[in-house]
Each structure stands twice: as C-alpha cells, then as structure tokens.
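A look at the structure
So the chains spell out like this:
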Amino acid sequence: MTASERSASSEHGDRADLMAGFESPTHRQWQEQVEQVLRKSGLLDREAPAPDAPEELLTTGLYDGFQVHPLYTSRAEHAARGTPGAAPFTRNTLVSGAVEGGWDVRQYHEDPDVATTNREVLADLAGGASSVWLRVGPGGVAVDDLGEALQGVHLDMAGVVLRAGEHYEAAADELLRLAEWWRVPRGSLRGNLGADPIGLRARTGREHEVTPAVELARRWADDCPGMHVISVDGLPYHDAGGSDAEELGCAVAAGVEYLRSLAEAGMDLDTAAGLLEFRFAATVDQFSTTAKLRAARRMWERVLRACGVAERARGQHQHAVTSSAMLTRRDPWVNMLRSTIAAFAAGAGGARAVTVQPFDAAIGLPNAFSRRIARNVQALLLHETHLGQVIDPAGGSYYVESLTDELAEAGWRWFQRVESEGGVTAALASGMVAERLATTWRSRTEALAHRTDPITGVSEFPDPTEEPLVRRARPAEPETGGLPRHRYAEDYERLRDAADLAAERPEGRPRVFLATLGPLASYTARASFTRNLLAAGGVEAVEAGETDDAAAVVAAFERAETPLVCLCSTDRLYDERAEATALALREAGARLVLLAGNPRGSSAESVDGFVHAGGDALRVLTDIHQRWGVAAPAVSGATS
C-alpha cells in the first residue's frame, strides 16, 4: 500500500473497506422494497399500479393536523437550528445542557398528614431528588404546617416548589418566614412559589385576579434571584385531552399575559421573564415530548425577542411532569415503563426540572415503594444511561427536527388564535379553549375506542386475573369546576369496574361464548384476538374448542350458560359454516351473535356485528355489558 493509499484509508476509517464493491442504495430502491412489503401485507392491492410514493400509505396523522412519515432524510431539509445556549434556544437554554449537574430531580408530595410528608420528603432528598414540589393548603399540608413538613430540609441546598392553589401568597410568606427563622439567606433560596391565577382559572372555571401574583413577584424579584414566582402551567390543557400544540399555545399565551401584567406594574421585561417557569406534560410518545419541549423554547424566544428582551434572558425554564392522563389504574405496573420513556423524552428535550409521578398515582396516595421507583427512574437516566452528558441528544435527527418545526408552527397558530380572542383568560371565559380541547378529546377517544391508540395492560393485553392495588385515598381535589381532567384509560376501566361488581352477584361477570369452528389451527388466531378484546372490558370468554359441525357448537353453547356468542374461525370456514351455525345458535337461544373478522366480504347475514382490528372495541364491550344487564357506565367525556 502506498503512502497516499494509507492516508485515504486512515481518512475514511473502516468505511472504505466495508463499502467496497457496493453501490450506495437510492431512495427509489428503498421505495421498491416498501412496495413489496405493502403488497404482501395486503395494504396495497397486488394488481394495483405502483404508486409514486408507496411509503405514504404508512403515514400516521397526529391530533394537530399534520402527519408522521415512515422515513425522514436530508430530503426533508430540516437541520438542527442554532447552538445550545443561544437563541432561539431550540437546542437548550444552557450552553452545557445538563452536563454539569444533570437536571433538577423534582418529586411531588401531597399527603395531608404532615408527619408522613416530612418523612417522604427527607427520603426523596436522601434518595437522589434535588428539589421538593409540595402541595400546600386544601388537598395538601396546611400552610401553618409548612415548617413541620420541611423540617430537616436544608433550604440553601434543596429547592422548594409550592403548589398552593389560591393560597399561594400565604404559602410564600410562610416559606420566607421559615427561611429567616432558620437563618437561610434569601439569595440562596431556589425553586418556585407557584403563583398561577391563570392556571387556577383553567382548573376551577372561576376568575382569579393576577394582581396578587404580580405584587408577590415585585416583592421577591430582587431579594430571591434563585426563586421563580409564577408557574405557567400547561398541564390543565393537556389533562383536558388537548394536543401538544394546544398545550404549547395556551401556555405561551398565559406567559404573555403574565408578562403584560408585570410590565404594567413597572417591572422591566428582562427581570419579569426570569420569574416565570413553564410546566409541560411528558408522555409515552417520546418523540413528540422531546419535540414539544424544543418547540416551546423556540416559541417563547420568539415572543421575548419581539418584546425587546435581551438574548441572555430569553431562555425558557421548563419543568416537565410525567402525564397524569396516560396513567392507568389497571395493570399500574406498566406505568413504570410509561414514566421511564416520558422522563427519557423530557431529559432529551432539555427540561431543566423533571417530575416522575409514582406508578400508583392514579389509584391513590403513593407508598414508599412506588416513590422509590419514581426516584430511581431519574437516577438511572442520569447516572447509568448518562443521558444528561449529551447536549441536545435529539439534535440533527431529521424526524425530531421536522416534528419540532411542525409543532412550533401549529402551536404558534393556536397561540395567535387565543390572542385574537383577547388572551387566554378571555378565551377560557368565552369557552373557546374548552370547546377546542373537547373537539380534540373526541378525536382522541375515537382512536382509543378503536384501539389505534392502544393502552398496554388495559385496551391491549389486559390481565383478567389482576388483583387491583389498594392505596389510601387522596383528599378531594379542591381545584374543580373548570376544564375537565381525563385519563386515556378511563372508559375501559369503568367497564372493568362494572364487570368486577357484576362478578359478585349470582349471574357473575359478563360472559361470551366463543363458537370456534373447525380444528385448533383454524380458529386460534381469531379466538385469541377476541379473548384479548373481551378481557379489556372485564368480559369472560368461554371457548367451544374443536368442532366439526353446527350441532357440536350448539352443544357447547348450551353448556356455556350465556346468550352472547362470537364466531371464530377462518374466512374459508365462515363461507362454509358461519351462516348455518349462526341460525342454529339463534334457535338455541343466542341473543347476540358476533363474528370475529373484517365485515368486508363476509357472507354471513345472520350475525349482529363484527369483532376486528380497527373496530370500535368500546362500542362492542358496552353492548355486551348492557345485554348482560350490567349498569352501563358513562363513556367518553366524564371527568376523572
């Protein structure tokens, strides 16, 4: 090998050898492979002409109106914008990201028993948390008990974030009194006083004046530079079923309203911007969460730039909280996985503080075990995966950059729509925000009902033998009356609850007879699918087993002691036996006869409906409950 050849080999590393003899694949070659797979799977007719872009059959629509494509390349013309620590802060508000100290591990406490809260606060701080998020007032510890709840906490080392609802002034004054009593310099305090009258308006439906929050900000701005005063909370819009762009637009609109009020009170905008902390939901959709946090920083920088705020003050301080809406009461152990993915996405998206809710938070007050697991999720991400050691780990991903751009644009359009209404407070008062979020929630419930948005352990792969967890009930939520609070699993879980109650009565839980036609190999796939769907509603499946004719099916049906039936087999056996078997079952007393399979092309005329992938599972399950005599639960729209 000559010197020039060795130099070329060194310059290109091993790639020169590995790629030798191979041509670089083209985009069209990839499309041809996609086309072949689509034809084999039936998504593209075998006789149809080749489409120009077969991959577009695999696009997925999002609730914000744009689509996720199966492949993102340099052809999309999206690239990482700017550098970390510089405007527009898409890539991070800090030059070093979370490299130096990680993000703030912030754990939430709401137990009204002050001794229990103090014990849990100290355990969290000893176990890796770096700040405390504490509910004070109704639903949490009393304002007068704040000192007892924080006993043993070094306020100059651990941040304190208050959630005091409409009592934020009293809680802030008590925290300051404690700092003086414990001789903690005001300048060393850090955290957030949690003033958020706009968020209260969204939660309660009642008007809350912004003036007290502004006065609180003026009093704390100079003496406590490490404390945020105002929380700009996007969670009410997320919990109401809103999309990512709707959460972004409402949060930015609330931030603008706070800025206006602070400026009208004589505060300079550079200082005012530093008093705000934004709170966003982190979900199991890791890419959307990461892109949402990046888009939020870009949108906020655009607002502050237009207001003439100095670049150094235009970075958005973000607190990400794992979504309450995604948590389930059934099979709650899966929530550990959901929260791990959500926390990963929040860290990758550049959140400055992250709260992981315990896996049993939807059931009641968490116990010591679930709190420890929640802490350890973040410890694992920071100290084992070293996620914080990479600045903007999603930067340069064509998919994430594209999604960031689209979310920022959609969020900005919604922000402008809210502003055109007179601001977020006016839009809440007029009902415009509630109406828009309700529309999105209806679309979301449709996807949940058809299981195109699956919920593992609830709508998919439920455990029918699960023993429900029991936790102490949390106090009644004082902040109600405004936007609803939803959980994605709520409709399925109401069906499960109703079925469990029915199981305690003489007739037992709802039961469906699986009329399996032919040998095991013929019916097992559709019987398994149907059994899984029925279990999502707490419905028991009784299987006939291998059958040779309609008489054998009817004999098994009479032993099953249920008038509800679902035929399960192959399309070929349906053509041969489904109609005769359905008629025989009706003569034997069947009141409902379903067929497992797609209704397209079915020759069975005597069936009442179909069970198939993409079908309305909630409608089928609700119908079964009603026919069994179980009290029909409220579906799609009740507040949880």
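Residues numbered from 1 in each chain as written. Predicted model: local features only at pLDDT ≥ 70, side-chain atom pairs only at ≥ 80, totals over all residues. Heavy atoms only, no water.

1. Thoughts on the overall build of the protein chain
This is how it is decided: Going along the chain from the N terminus, every DSSP run of H or I of four or more residues is numbered as a helix, and every run of E of two or more is numbered as a strand. As defined in this context, the radius of gyration uses C-alpha atoms, and a globule is described by 2.2 Å times the residue total to the power 0.38. Only protein chains enter the calculation, and the probe is 1.4 Å; a residue is then buried if its accessible area is under 20% of its type maximum, exposed if over 50%, and partly exposed in between. Contacts between residues were defined by any pair of non-hydrogen atoms, one from each residue, lying within 4.5 Å. Positive residues here are Lys and Arg, negative ones are Asp and Glu, while His and the chain termini are left out of the count. For the purpose of locating charges, the reference atoms are NZ of Lys, CZ of Arg, CG of Asp and CD of Glu.
Regarding its fold elements, the protein chain presents 22 helices and 15 strands. For the protein chain, whose C-alpha radius of gyration is 28 Å, the value lies close to the compact-globule estimate of 26 Å for 640 residues. With the C-alpha coordinates of the protein chain rotated into their principal frame, the extents come out at 85 × 80 × 50 Å. Out of the 640 residues in the protein chain, the part that is buried amounts to 53%. Within the protein chain, contacts between residues separated by at least 24 positions form 76% of all contacts whose residues are at least 6 apart in sequence. Computing the positive centroid from 65 side-chain charges and the negative centroid from 91, the protein chain places the two 1 Å apart.

2. Regarding the sheet that holds strand E14 (residues 592–596)
Definition in use: DSSP calls a pair of strands paired once it identifies at least 2 bridges connecting them. Lines fitted to C-alpha atoms define the axes, with helix axes restricted to the stretch in contact, and inter-axis angles between N-to-C directions lie between 0 and 180 degrees.
As summarised here, the arrangement of the five strands in space is E12-E11-E13-E14-E15, forming an open sheet in which the pairing is parallel. The sheet is open, and its two edges are formed by strand E12 (540–543) and strand E15 (609–611), each paired on a single side. Between one strand axis and the next, the sheet turns by 30° as a mean value, whatever way the strands run. Here helix H20 (residues 550–560) sits on the sheet and contacts strand E11 (511–516), E12 and strand E13 (564–568); the angle it forms with E11, its principal contact strand, is near 165°. Helix H22 (residues 617–628) rests against E11, E13, E14 and E15 of the sheet, and its axis sits at about 155° to E14.

3. Some details on the packing of helix H15 (residues 398–420) against helix H17 (residues 432–449)
Threshold: Throughout, the ten residues Ala, Val, Leu, Ile, Met, Phe, Trp, Tyr, Cys and Pro are labelled nonpolar, Asp, Glu, Lys and Arg are labelled charged, and all others, Gly among them, are labelled polar.
Put simply, H15 and H17 touch, their axes get as near as 11 Å, and they point 145° apart. Here Trp 414, Arg 417 and Val 418 of H15 lie close against H17, whose contacting residues are Met 432, Val 433 and Arg 436. Of the residues assigned to the contact of H15 with H17, the class counts are four nonpolar, no polar and two charged.

4. Description of the sheet that holds strand E4 (residues 131–135)
In spatial order, the strands read E3-E4-E5-E6-E7-E8-E9-E10; together these eight strands close into a barrel with parallel pairing. The sheet shows a mean angle of 30° between the axes of neighbouring strands, taken without regard to direction. With two bridges connecting them, strand E5 (residues 159–163) and strand E6 (residues 191–195) associate as parallel partners. In the sheet register, Val 161 faces E6, and the bridge partner there is Asn 192. Its contacts with the sheet put helix H12 (residues 286–306) on strand E8 (276–282) and strand E9 (318–322), and the angle it makes with E8 is roughly 155°. Those strands touched by helix H14 (residues 368–383) are strand E3 (104–109) and strand E10 (353–355), and its axis lies near 170° from that of E3.

5. Examining the UniProt feature "domain: Methylmalonyl-CoA mutase alpha/beta chain catalytic" (unreviewed entry) in the protein chain
Here is the rule: UniProt positions are given in the numbering used here, feature names are shortened, and annotations may be inferred rather than shown by experiment.
UniProt annotation of "domain: Methylmalonyl-CoA mutase alpha/beta chain catalytic" (unreviewed entry) refers to residues 136–468 when read in the numbering used here. Between the end C-alpha atoms of residues 136–468 the distance is 30 Å, and the span holds 51% helix and 10% strand.

6. Brief notes about the layout of surface pockets
Under the convention used in this document: Buried and open spaces are told apart on a 1 Å grid over the protein atoms alone, a cavity being a set of points where a 1.4 Å probe fits but cannot get out and a pocket being an open set with protein on both sides within 12 Å along at least five of seven lines. Residues with an atom within 4 Å of a point are the lining residues. Grid points are joined across faces, edges and corners, and a volume is the space filled by probe spheres set on the points.
Size it by volume and the second largest pocket reaches roughly 890 Å³. What lines the second largest pocket is a set of 29 residues, and nearest its centre among them are Tyr 63, Val 284, Asp 285, Arg 444 and Asp 453. Sorting the residues of the lining of the second largest pocket by element identifies strand E1 (60–61), helix H13 (334–349), H15 and H17 as the ones contributing at least two each. Taken together, the residues that form the lining of the second largest pocket break down as 14 nonpolar, nine polar and six charged.

7. Focus: H14
Where we set the bar: Here a helix's expected span is defined as the number of its residues, less one, multiplied by 1.5 Å. Within 3.5 Å is the distance limit for a polar contact, defined as a pair of N or O atoms, with the added protein rule that one can donate a hydrogen and the other accept it, and that residues adjacent in sequence qualify only through two side-chain atoms.
The end-to-end C-alpha distance of H14 is 22 Å, a good match for the 22 Å that 16 residues give at a rise of 1.5 Å each. Taken residue by residue, H14 has Ser 370, Arg 371, Ile 373, Ala 374, Arg 375, Val 377, Gln 378, Leu 381 and Leu 382 as its buried positions. Looking at the buried positions of H14, the neighbouring elements they touch are E3, helix H4 (114–126), H13 and E10. Looking at where H14 begins, the residue whose side-chain oxygen comes 3.3 Å from the main-chain nitrogen of Phe 369 is Asn 367.

8. Considerations on helix H7 (residues 197–204)
Counted residue by residue, H7 has eight buried out of eight residues, so it is predominantly covered. Taken residue by residue, H7 has Pro 197, Ile 198, Gly 199, Leu 200, Arg 201, Ala 202, Arg 203 and Thr 204 as its buried positions. Where the residues of H7 are buried, they touch helix H6 (168–181), E6, helix H8 (211–221), helix H9 (235–239), helix H10 (244–264) and helix H16 (424–430).

9. Some details on unusual backbone geometry
In the segment running from Ala 87 into Pro 88, the intervening peptide bond is cis, with an omega of 10°. Here Pro 88 lies in the loop between strand E2 (67–68) and E3. Here Arg 183, not a glycine, exhibits a phi torsion of approximately 60°, which is positive. Phi angles above zero are rare outside glycine, and Glu 561 is one such case at about 55°.

10. Describing the nonpolar core
For the record, the criterion: In these notes, a set of buried Ala, Val, Leu, Ile, Met, Phe, Trp, Tyr and Cys residues joined through side-chain atoms within 4.5 Å is what counts as a nonpolar core. Each domain's extent is set by a domain assignment, obtained either automatically or from a database.
The biggest cluster of nonpolar side chains holds 162 residues, and the ones touching the most others in it are Trp 220, Tyr 237, Phe 513, Leu 567 and Leu 585. It is H10 that contributes the most residues to this core, 11 residues altogether. Taken together, domain 2 (104–424) and domain 3 (492–628) each give at least three residues to this core, which thus spans both. Tyr 237 has contacts with Ile 198, Ala 202, Gly 242, Glu 247, Cys 250, Val 424, Leu 428, Val 433, Leu 437 and Leu 483, leaving out every residue within four places of it along the chain. If you look at the next biggest cluster of nonpolar residues, it comprises six residues, including Tyr 108, Leu 235, Ala 281 and Val 321.

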